[in-house]
Amino acid sequence: MFTRSRMPKIAAITMTGALLSACAANTAGSSAGAGSGAPGKGTEAVGFIFVGPKDDYGYNQAAYQGSQAVAKAFPDLDVLTAENVPEDDNAARVMNSMIAKGAKVIFATSYGHLDAALKVAAEHPDVAVVQQGNLITKAVPRNAGTYFGTVYEPVYLAGVAAGRATRSDKLGYVYAFPINQTISNINAFQRGAASVNPKARTFVVNTSSWCDPAKQAEAAANLLKQGVDVITQHQDCTATIIKATEAAGKYTVGYHADASSLAPKGWLTGSQWQWAALFTDIVRTARDGKFTGSKYNANYRVGFKTGQNPFVQSPFGPSVTGEVKDEVARARSWLATAQGSPFAGPVTDQGGTVRIPKGTVPDYPAIEKIDYFVDGVVGKLPK
Amino acid sequence: MSDLITDVLSGGVRGGTAIMLAALGETLAERAGVVNLGTEGCLLVGALAGYAVAAETGNPWAGLVAGALAGAGLALLHAALVIWRRADQFATGLTLMFLGLGLTSLFGAAYVGKAAPGFAPVEVPLLADLPLLGPVLFQHDPVTYASYLVAPLMWWWLRRTRSGLLVRTAGERADVLPLYGYRAGLIRGSAVVAGGALAGLGGAQLSTAYAHAWFEGMTAGRGFIAVALVIFAAWRPLRVVAGAYLFGAMLAVAPVLQARGHALNQFALDALPFVITLLILAVIGRRTLRAAPQELRRVFESSSTS
């Protein structure tokens, strides 16, 4: 079902829904209500669940690499991983089976894993459950939390590079669902581009799927047809769009991982995760019995302003000039200052209404609540 | 506006090709009297085998052959179970779909994100410059061009050749065949396997010519659409083509409109292809069932009364 990191690779390859439910039976109620101790304290195993395959050149690969960094940092820990865990009750079953194997710290790494993660946390007070990227909107339980980087900061920097690279002033953004994280990214990309090229506009197409390569192919084909010459995306699997863009001789801005090998000519830059430090610190905190009340026992966000953003900028591609690199570096230092933000006012929406007045710098939680496209984004949010 | 229609139709051909090949394969099987609900599985194994072999050999054409073989292999299992072991066609087909999903998930992990050579669009000289027809039909990849021939050939073959007649007889009055010294099972089996090969080819087109990538479950239900299309097309190859392109075009509407910045209800658009398919099935359902091969009606009716 899932593997210990030391086991042969073949065992890591998993599971259809049918298999999933088949294994669920033996995992019921292992330690429910057992411990009143600190969640995660002294754990001998850590569990990670991923919504997709661990080598998708994207979101899941980055999180998987984070899990392997934990394995490296704590050689005595069993690191359990499960790929392709759907965002439904199956996720709770997989987490429960990890808990049955001794895991008292669980990382649920997909946005849609939150409900299952909270359910598992409620059933197992002695297990610390952290979820990647979503927000707990009610009171945060003492053994749960969410964590994320401020994704939109490096995306803004990539926007700067894209705004300089485009000849047609048309940028393309292929996304999956209109969740806040994605909306912030699209807005930040456009604002980054517009900060150096006021004529730049971002055309958005959504696929209603985290990974549907055929739909991505169609999205990329249409954007290219409309004269878009820089394409970026918020999808879990990224190869299809990058290859289509490279084949058309246009520029790629990556997301999730360094995929410059797929676009040796057109790669500009991108944003990618380095989860190692954060994952390791979360595990250490929980293991020492200090999870409850820690910064991780909350909706934890870390960005250029507050510390080491786990979301970093990918290496530049060959076409990016030294001048543009300097420009990006300046934008980066500005983002780290108190006045700096991709959403430093004034921010106007597509209708021309000022949403964030001049002089206002929204904090991270406020940015995650933005539910409109900014001026310069072409396309409407699905309603 | 005409530009917009061109893009939708062009996207319909691009995105409809895999569905068309799978649906033509299913047509072949059903004309011989066997339903293969495992078509989705055949598409999937074709997509993976095509991509994997293209990656390993560096030759996308070898990938196409492998895709067809993989699809045929899975269909052979279906044929063996339903013809030789007389297993329930629907249950076996669904099981094969899950088998395809499981197998490709197992063996496909190594190819996720791996680079492989594929088919690029090649404009057909002169024809590509035709208004409307040029961009819609003649600015695609070689596999799509080759797929244009499949339906007319199948139509001609089913109507005009002796072997085509035998397949139709297996679907209409299988009990006649032994009188002439033929084995219905063998004919049916061959049709199912050939149908699986076509679906596998469709899968390989999806991964090596369209998406240029392999991902788990990347066929996303296209095999089931193909099965529905066969009924909606009343088991006629040329109508299958029209249906597949129609479905592809419905899928293309959303990206075409969005890339131009048009406001639209995304969720309605996503549902559109399926709603249209359902509507057409509902409207023509009773009429088409009369057009069904006799032996197939027996399969449907026995299954709905049991």
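Note that the structure is predicted; figures quoted are calculated from it, not measured.

**Details of the environment of A214 of chain A**
Note that A214 of chain A resides in helix α7 (residues 213-225). Put simply, A214 of chain A and G249 of chain A are 35 residues apart on the chain and 20 Å apart in space, counted from C-alpha to C-alpha. Contact partners of A214 of chain A, with chain neighbours within four places excluded, come to L206, Y210, A211 and R222 of chain B.

**Observations concerning the domain arrangement of chain A**
The parts lose accessible area when they come together, and the size of an interface is often stated as this lost area. Residues and elements named next belong to chain A. When the domains of chain A are assigned, the result is domain 1 (3-149 + 274-302) and domain 2 (152-265 + 313-378). Placing the centre of domain 1 and that of domain 2 at their C-alpha centroids yields a distance of 30 Å. Area buried by domain 1 at its contact with domain 2 is led by Y57, Y59 and Y111, which between them contribute 47% of it. Linking domain 1 with domain 2 are one salt bridge, by the criterion used here. For E368, the salt bridge identified is with R301, shortest N-O distance 2.5 Å. Broken down by element, the residue count for the side of domain 1 that touches domain 2 peaks at three residues, all from helix α2 (residues 59-73). Here the residues of the side of domain 1 that touches domain 2 are counted per class, giving seven nonpolar, three polar and three charged.

**Quick word on a positive patch on the surface**
All names here are of chain B. On the surface, R159, R160, R236 and R239 cluster together to form a positively charged patch. With respect to the element layout, R236 can be found in the loop between α9 (222-232) and α10 (237-259). Of the residues examined, R236 reaches a relative accessible area of 42% and is grouped as partly exposed.

**So, the pairing of strand β2 (residues 45-49) of chain A**
Residues and elements named next belong to chain A. Within β2, five of the five residues are buried, which leaves it mostly tucked inside the rest of the structure. Of the two faces of β2, the one carrying A45, G47 and I49 and the one carrying V46 and F48 are both buried. Both β2 and strand β3 (residues 78-82) contribute to a ladder of five bridges, which runs parallel. Pairing of G47 across the sheet is with L80, part of β3. In this region the chain leaves β2, passes through α2 and returns to the parallel neighbour β3; the handedness of that crossover is right-handed.

**Considerations on the interface of chain B and chain A**
Opposite the 37 residues of chain B that make contact, chain A presents 37 residues. When chain B packs against chain A, close to 3100 Å² is buried across both sides, 57% of that on carbon and sulfur atoms. The largest share of the area that chain B buries against chain A comes from F215, Q258 and A259 of chain B, three residues that together contribute 18% of it. In this structure, the connection of chain B to chain A is made through four salt bridges. In this structure, D3 of chain B engages K225 of chain A in a salt bridge whose closest nitrogen and oxygen atoms are separated by 3.6 Å. Among the elements that line the side of chain B that touches chain A, the one with the most residues is α10 of chain B, at five residues. A class-by-class count of the residues in the side of chain B that touches chain A yields 20 nonpolar, nine polar and eight charged.

**A short note on a nonpolar patch on the surface**
All names here are of chain B. On the surface, L77, L81, L99, L103, L106 and F107 cluster together into a nonpolar patch covering about 470 Å² of accessible area. For the nonpolar patch, the secondary structure elements donating two or more residues are α3 (60-84) and α4 (89-108). Element by element, the count of residues in the nonpolar patch is highest for α4, at four residues. The residue L99 is located in helix α4 in this model. Owing to a relative accessible area of 35%, L99 belongs among the partly exposed residues under this scheme.

**Some remarks on the state of the cysteines**
Residues and elements named next belong to chain A. One pass over the structure, following the stated rule, counts one disulfide over all chains. One disulfide bridge connects C211 with C237, the sulfur atoms lying 2.1 Å from each other. In this structure, the disulfide formed by C211 and C237 twists by about 105 degrees around the S-S bond and is classed as right-handed. Pair noted here: C211 is in the loop between β8 (201-206) and α7 and C237 is in the loop between β9 (230-234) and α8 (239-247), with a separation of 26 residues, a long-range link. By relative accessible area, which is 27% here, C211 ends up partly exposed.

**Description of the UniProt feature "domain: ABC transporter substrate-binding protein PnrA-like" (unreviewed entry) in chain A**
Under the local residue numbering, the UniProt record ascribes the feature "domain: ABC transporter substrate-binding protein PnrA-like" (unreviewed entry) to residues 45-295 of chain A. The distance separating the terminal C-alpha atoms of residues 45-295 of chain A is 22 Å; by composition the span is 41% helix and 23% strand.

**As for the nonpolar core**
Proteins that are soluble and globular tend to have nonpolar side chains buried together. All names here are of chain A. Ranked by internal contacts, the top residues of the largest apolar core, which has 72 residues, are F107 and Y147. If one sorts the elements of this core by residue count, helix α5 (residues 152-165) sits on top with nine residues. When residues of this core are sorted by domain, at least three fall in each of domain 1 (3-149 + 274-302) and domain 2 (152-265 + 313-378). Those residues in contact with Y147 that lie beyond four places of it in its chain are F107, T109, V130, Q131, Q132, G133, W275, L278, F279, I282, Y300 and R301.

**Some remarks on the sheet that holds strand β13 (residues 311-313) of chain A**
All names here are of chain A. The seven strands are arranged β13-β11-β10-β9-β7-β8-β16 in an open sheet whose pairing can be described as mixed. Strands with a single pairing partner mark the edges of an open sheet, and in this sheet they are β13 and β16 (377-378). As paired elements, strand β11 (residues 267-273) and β13 share three bridges and run antiparallel to each other. Counted as the bridge partner of W273 is F311 from β13. Its contacts with the sheet place α7 against β7 (170-175), β8 and β9, and it is angled at close to 165 degrees to β7.

**Looking at the side chain of Q181 of chain A**
Residue and element names in this part refer to chain A. Structurally, the position occupied by Q181 is in helix α6 (residues 180-196). A relative accessible area of 13% means that Q181 is categorised as buried. Aside from chain neighbours lying at most four places away, what touches Q181 is Y111, G133, F148, V151 and H234.

**Some words on the UniProt feature "transmembrane region" (unreviewed entry) in chain B**
When the UniProt feature table is mapped onto this chain numbering, "transmembrane region" (unreviewed entry) sits at residues 61-83, 90-112, 142-158, 179-201, 213-235, 242-259 and 271-289 of chain B. With 83% helix and 0% strand, residues 90-112 of chain B has its two end C-alpha atoms placed 31 Å apart.

**Looking at unusual backbone geometry**
All names here are of chain A. In this structure, the amide linkage connecting G345 to the following residue, P346, adopts the cis form with an omega of 5 degrees. Tracing the chain through its elements places P346 in the loop between α10 (322-336) and β14 (347-348). Positive phi values are uncommon outside glycine, yet D169 reaches one of about 65 degrees. Inspection of the secondary structure puts D169 in the loop between α5 and β7.

**Regarding the pattern of salt bridges**
In this structure the tally under the stated criterion is 15 salt bridges over all chains. Across the salt bridge formed by E218 of chain A and R14 of chain B, the nearest N and O atoms sit 2.6 Å from each other. With E218 of chain A in helix α7 and R14 of chain B in helix α1 (residues 2-31), this residue pair bridges two chains. With a closest N to O distance of 2.5 Å, K225 of chain A and D7 of chain B form a salt bridge. On the criterion of chain membership, the pair formed by K225 of chain A in helix α7 and D7 of chain B in helix α1 is interchain, its members lying in two chains. Looking at K225 of chain A, the relative accessible area reads 49%, which means it is partly exposed.

So, how was this worked out
Residues numbered from 1 in each chain as written. Chains lettered and ligands numbered in written order. Predicted model: local features only at pLDDT ≥ 70, side-chain atom pairs only at ≥ 80, totals over all residues. Heavy atoms only, no water. Helix = DSSP H or I, 4+ residues; strand = E, 2+ residues; numbered from the N terminus. Contact = heavy atoms within 4.5 Å. Domains from an automatic or database assignment. Buried area = accessible area lost by both parts, 1.4 Å probe. Salt bridge = Lys/Arg side-chain N within 4 Å of Asp/Glu carboxyl O. Nonpolar A, V, L, I, M, F, W, Y, C, P; charged D, E, K, R; others polar. Patch = residues over 30% accessible without salt bridge, like charges linked within 9 Å, V, L, I, M, F, W, Y side chains within 5 Å. Areas by Shrake-Rupley, 256 points an atom, 1.4 Å probe, with all protein chains shown as cover. Lys, Arg positive; Asp, Glu negative; His and termini not counted. Charge placed at Lys NZ, Arg CZ, Asp CG, Glu CD. Buried < 20%, exposed > 50% of the residue type's maximum accessible area, 1.4 Å probe, protein only. Pairing = 2+ DSSP bridges. Right-handed = clockwise from strand over helix to strand, strands pointing away. Disulfide = S-S within 2.5 Å. UniProt positions renumbered as here; feature names shortened; annotations may be inferred. Core = buried A, V, L, I, M, F, W, Y, C linked by side-chain atoms within 4.5 Å. Axes fitted to C-alpha atoms, helices over the stretch in contact; angles between N-to-C directions.

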